[in-house]
Each structure stands twice: as C-alpha cells, then as structure tokens.
Amino acid sequence: MDDRQRMRKVWEYIFQQAVTDDADFFIDLDGDSMAAAALVHHVAEEFGVSLPLFEVFDRPTPAELLAAVRDQLAVG
C-alpha cells in the first residue's frame, strides 16, 4: 500500500466513507475540531509523524495533508 492509499485509509476511517486524494475537502466531509484531532492522531499512528492540528485546516485534502506528512518527514 502506498502513502496515498494509507492517507485515504485514515480519512475513510474517520469519515466512514470513500474519499479521493484531491476532491474531498475536510469541511465538505463535515469535518470539525473532533475530526481534526482524530485525523492528527491517526496520521501519527500510521506515519509516525506528529502534525499540529492547524495542518488539517491549512491542508484540507488527503493529498495536501500527505504533503504535510512528507514535509515533516523530510525535516526529521
């Protein structure tokens, strides 16, 4: 499973529906602060990266959030 699939899996777990990399926006999926906290938690479990909560709102699609994960991994 590649990183894009892993990120979609996290989103699908949180929102209990299929999502796409670029078309599904956090707010459009009825995302709220609790969903954002859950995303950050599950991203940390899946990728081993601790993202600040604001990243979910600044990068509101699975593809954009994956970019934040990759940025964080590059920094170390």
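### Re the overall build of the protein
Helices and strands together make up the secondary structure of the protein, namely four helices and zero strands. Helices and strands in the protein line up, N terminus first, as α-α-α-α. Here the C-alpha radius of gyration of the protein, 11 Å, is about what a compact globule of 76 residues would show, namely 11 Å. On the principal axes, the C-alpha backbone points of the protein span a range of 30 × 25 × 20 Å. Put simply, the protein has 76 residues, and 39% of those count as buried. A sequence separation of at least 24 residues applies to 46% of the contacts in the protein between residues at least 6 apart. By element, 51% of the accessible surface of the protein is carried by carbon and sulfur atoms, the whole surface being about 4,400 Å². Measuring between centres, the 6 positive side-chain charges of the protein sit 8 Å from its 15 negative side-chain charges.

### Concerning the side chain of Arg 6
On the secondary structure map, Arg 6 appears in helix 1 (residues 3-15). Here the side chain of Arg 6 touches Glu 46 through a polar contact of 2.4 Å, landing on its backbone oxygen. Once residues lying within four places of it in the same chain are set aside, the contact partners of Arg 6 are Met 1, Glu 46 and Phe 47.

### Observations regarding the packing of aromatic side chains
Any aromatic ring pair is given by two values, namely how distant the centres are and how the planes are angled relative to each other. Within the structure shown, the criterion is met by four aromatic pairs. Centroid distance Phe 15 to Phe 26: 5.8 Å. Interplanar angle 75°. Geometry classified as edge-to-face. Here the residue Phe 15 occupies a position in helix 1, and Phe 26 occupies one in the loop between helix 1 and helix 2 (33-47), the gap between them amounting to eleven residues. Seen from their ring centres, Phe 26 and Phe 57 are 5.3 Å apart, and the 85° between their planes marks the pair as edge-to-face. Highlighted residues: Phe 26 in the loop between helix 1 and helix 2 and Phe 57 in helix 3 (residues 54-58), separated in sequence by 31 residues. Here Phe 26 falls in the buried class, since its relative accessible area comes to 1%. Linked through ring pairs, Trp 11, Phe 15, Phe 26 and Phe 57 together constitute an aromatic cluster.

### Section: the pattern of salt bridges
If the charged atoms of two oppositely charged side chains come close together, the side chains can form a pair. Counting across every chain of the model gives eight salt bridges. Put simply, Arg 6 and Asp 3 hold a salt bridge, and the shortest N to O gap is 2.9 Å. You can see Arg 6 and its partner Asp 3 sitting in helix 1, three residues apart, about one turn around the helix. The partner of Arg 59 in a salt bridge is Glu 55, with the nearest N and O atoms 3.2 Å apart. Taking the relative accessible area as the measure of exposure, Glu 55 reaches 12% and is therefore buried. Sharing partners across several salt bridges, the network here consists of Asp 3, Arg 6, Lys 9, Glu 46 and Arg 70.

Reading the values: the criteria
Residues numbered from 1 in each chain as written. Predicted model: local features only at pLDDT ≥ 70, side-chain atom pairs only at ≥ 80, totals over all residues. Heavy atoms only, no water. Helix = DSSP H or I, 4+ residues; strand = E, 2+ residues; numbered from the N terminus. Rg over C-alpha atoms; globule rule 2.2 N^0.38 Å. Buried < 20%, exposed > 50% of the residue type's maximum accessible area, 1.4 Å probe, protein only. Contact = heavy atoms within 4.5 Å. Areas by Shrake-Rupley, 256 points an atom, 1.4 Å probe, with all protein chains shown as cover. Lys, Arg positive; Asp, Glu negative; His and termini not counted. Charge placed at Lys NZ, Arg CZ, Asp CG, Glu CD. Polar contact = N/O pair within 3.5 Å; in protein donor to acceptor, adjacent residues only side chain to side chain. Phe/Tyr/Trp six-rings, centres within 6.5 Å; stacked < 30°, edge-to-face > 60°. Salt bridge = Lys/Arg side-chain N within 4 Å of Asp/Glu carboxyl O.

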